[in-house]
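For reference, the chains in residue letters:
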Amino acid sequence: MQRNAVHSSQAPAAIGAYSQAIVAGDLCFVSGQIPLDPGTGELIDGDIGAQIRLVFRNLAAVARAAGCDLARDAVKITVFLVDLKHFARVNEIMAELFAEPFPARAAVEVAGLPKGAQVEADAVLAVPVRAND
């Protein structure tokens, strides 16, 4: 199966040996995004809500670069939280960003995340079929 790397300058550059996303067949696998400002590469300050929103904006930017729409095409989201007490805030924000049927989701409490982030999320998207495909 052919794998194609996806890159968006509207999302933070990869900080390791991985691609922002890989399209394989009719699926797009978006790597985990933390609340990094795409322009500076630095973690943003702010409450957990602002951090969660930036994580989803970064995921959406990579999804767009793959020809997908995060809100429409996400089939699975995994959220990693340093403190699971923020789970309710994730729910609130996802309810604003996604419509039914909501993507499948897992939320996991972890001991730590890259650069000291408090939240990270990755996504699996269904790549839309184009008329000329």
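Provided above is the structure to which this section pertains.
So, here is what we can say about the structure in this document. (Residues numbered from 1 in each chain as written. Predicted model: local features only at pLDDT ≥ 70, side-chain atom pairs only at ≥ 80, totals over all residues. Heavy atoms only, no water.)

**Re the sheet that holds strand S2 (residues 21-24)**
Then, number 1: Strand order across the open sheet formed by 6 strands is S1-S2-S3-S6-S4-S5, with mixed pairing between neighbours. Strands with a single pairing partner mark the edges of an open sheet, and in this sheet they are strand S1 (3-6) and strand S5 (104-109). Averaged over neighbouring strand pairs, the angle between their axes works out to 15 degrees when direction is ignored.
Then, number 2: Taken together, the 6 bridges between strand S4 (residues 74-81) and S5 define a ladder with parallel strand orientation. The residue of S5 that forms the bridge with Val-79 is Ala-107.
Then, number 3: Those strands touched by helix H1 (residues 48-65) are S1, S2, strand S3 (27-33), S4 and strand S6 (119-126), and its axis lies near 30 degrees from that of S6.
Then, number 4: Packing of helix H3 (residues 87-97) onto the sheet brings it into contact with S4 and S5, and relative to S5 it is tilted by some 155 degrees. (Pairing = 2+ DSSP bridges. Helix = DSSP H or I, 4+ residues; strand = E, 2+ residues; numbered from the N terminus. Axes fitted to C-alpha atoms, helices over the stretch in contact; angles between N-to-C directions. Contact = heavy atoms within 4.5 Å.)

**Considering H1**
Then, number 1: Between its first and last C-alpha, H1 extends 26 Å over 18 residues, near the 26 Å set by a 1.5 Å rise per residue.
Then, number 2: Counting buried positions along H1 yields 13 of 18 residues, so the element is predominantly enclosed.
Then, number 3: Of the residues one or two after H1, Gly-67 is the one with positive phi, at around 85 degrees. (Expected span 1.5 Å × (residues − 1). Buried < 20%, exposed > 50% of the residue type's maximum accessible area, 1.4 Å probe, protein only.)

**What to know about the packing of aromatic side chains**
Then, number 1: One pass over the structure, following the stated rule, counts 1 aromatic pair.
Then, number 2: Ring geometry for Phe-56 versus Phe-98: centroids 5.9 Å apart, planes at 75 degrees, classification edge-to-face. Of this pair, Phe-56 sits in helix H1 while Phe-98 sits in the loop between H3 and S5, and the two are 42 residues apart along the sequence. For the residue pair Phe-56 and Phe-98, the accessibility class agrees, reading buried in each case. (Phe/Tyr/Trp six-rings, centres within 6.5 Å; stacked < 30°, edge-to-face > 60°.)

**Some words on the packing of H1 against H3**
Any two packed helices are characterised by how steeply their axes cross, that is the angle between the axes, and by the distance between the axes.
Then, number 1: It is the contact of H1 with H3, at a shortest axis distance of 10 Å, that shows an interaxial angle of 45 degrees. Comparing the axis directions of H1 and H3 gives the class oblique. Here H1 and H3 pass one another in a crossing that is right-handed. Each of Ile-48, Gly-49, Ile-52, Arg-53 and Phe-56 in H1 lies in contact with H3, whose residues at this interface are Arg-89, Val-90, Ile-93, Met-94, Glu-96 and Leu-97.
Then, number 2: Within the contact of H1 with H3, the residues separate by chemical class into 7 nonpolar, 1 polar and 3 charged. (Parallel < 35°, antiparallel > 145°, perpendicular 65-115°, else oblique. Left-handed = near helix turned anticlockwise from the far one by under 90°. Nonpolar A, V, L, I, M, F, W, Y, C, P; charged D, E, K, R; others polar.)

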